[in-house]
Amino acid sequence: MSWQNYVDQQLMGSGLVSKAIIAGHDGTLWAKSNNIEPTRDELMKLSSSFADQSNLAMTGVVIGGEKFFYLSGTDKVIRCKKGKAGMHSMKTLQAVLVAVFEEPIQHPQVASIVESLGDYLISLSY
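Residues numbered from 1 in each chain as written. Predicted model: local features only at pLDDT ≥ 70, side-chain atom pairs only at ≥ 80, totals over all residues. Heavy atoms only, no water.

**As for the nonpolar core**
If you look at the biggest cluster of nonpolar residues, it comprises 19 residues, and the most contacted ones within it are L11, I22, L97, V110, V114 and L117. For this core, the secondary structure elements donating two or more residues are α1 (3–11), β1 (19–24), β7 (95–102) and α4 (107–123). In terms of residue count, α4 provides more of this core than any other element does, five residues in total. Excluding anything up to four places from it in sequence, L11 contacts Y6, V17, A20, I22, I113, V114 and L117. Of all hydrophobic cores here, the second largest spans 16 residues; its members include I36, L46, I78 and C80. (Core = buried A, V, L, I, M, F, W, Y, C linked by side-chain atoms within 4.5 Å. Buried < 20%, exposed > 50% of the residue type's maximum accessible area, 1.4 Å probe, protein only. Helix = DSSP H or I, 4+ residues; strand = E, 2+ residues; numbered from the N terminus. Contact = heavy atoms within 4.5 Å.)

Written out as structure tokens, the structure reads:
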């Protein structure tokens, strides 16, 4: 399956995700939905933030020119919110998955989709 198919079928195809991105740890864009334009710098900053999330509470996360406020995270997951929208991102061995969603969708619903795909990619050494 191509990276674009993962975005189109797994993330956007869920009906819960409004914008989606898959990128490499170096910020290289692998695939995205048509309605978001992330910069390489934004993706690199996100990727490097998983190891140390202490600054995110002050700076937030900017993706596609939109600033999201940091809620919580682990070494594999970052959760953010912006108004009635949210963002759930996961870092795999080689990639970063980003899913943006709108109310009434909630974080746990999107977390299940993003983390299932992320765990699958990890099982394939991605």
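What follows continues from the structure just given.
**With respect to the sheet that holds strand β3 (residues 61–63)**
With antiparallel pairing, seven strands are arranged side by side in an open sheet as β2-β1-β7-β6-β5-β4-β3. With partners counted over all chains shown, the strands left at the sheet margins are β2 (29–32) and β3, one partner each. Taking the axes of each pair of neighbouring strands and ignoring which way they run, one obtains an average angle of 25° across the sheet. Where strand β6 (residues 85–91) meets β7, seven bridges bridge the pair, whose relative direction is antiparallel. In the strand pairing of β7, M87 is matched with V100. Where α4 meets the sheet, it contacts β4 (66–73), β5 (77–82), β6 and β7, and its direction lies at approximately 20° from that of β6. (Pairing = 2+ DSSP bridges. Axes fitted to C-alpha atoms, helices over the stretch in contact; angles between N-to-C directions.)

**Comments concerning the pattern of salt bridges**
The full count for this structure, using the stated rule, is seven salt bridges. Taking the shortest distance from any N to any O, the salt bridge between D41 and K45 comes out at 3.3 Å. Pair noted here: D41 and K45 are both in helix α2 (residues 40–49), with a separation of four residues, about one helical turn. The class for K45 is exposed, based on a relative accessible area of 51%. With a shortest N-O distance of 3.2 Å, E66 and K82 are connected by a salt bridge. With a gap of 16 residues between them, E66 in strand β4 and K82 in strand β5 connect regions that are remote in the sequence. Note on K82: relative accessible area 32%, which makes it partly exposed. Here the residues in one salt-bridge network are K19, E66 and K82, joined through shared partners. (Salt bridge = Lys/Arg side-chain N within 4 Å of Asp/Glu carboxyl O.)

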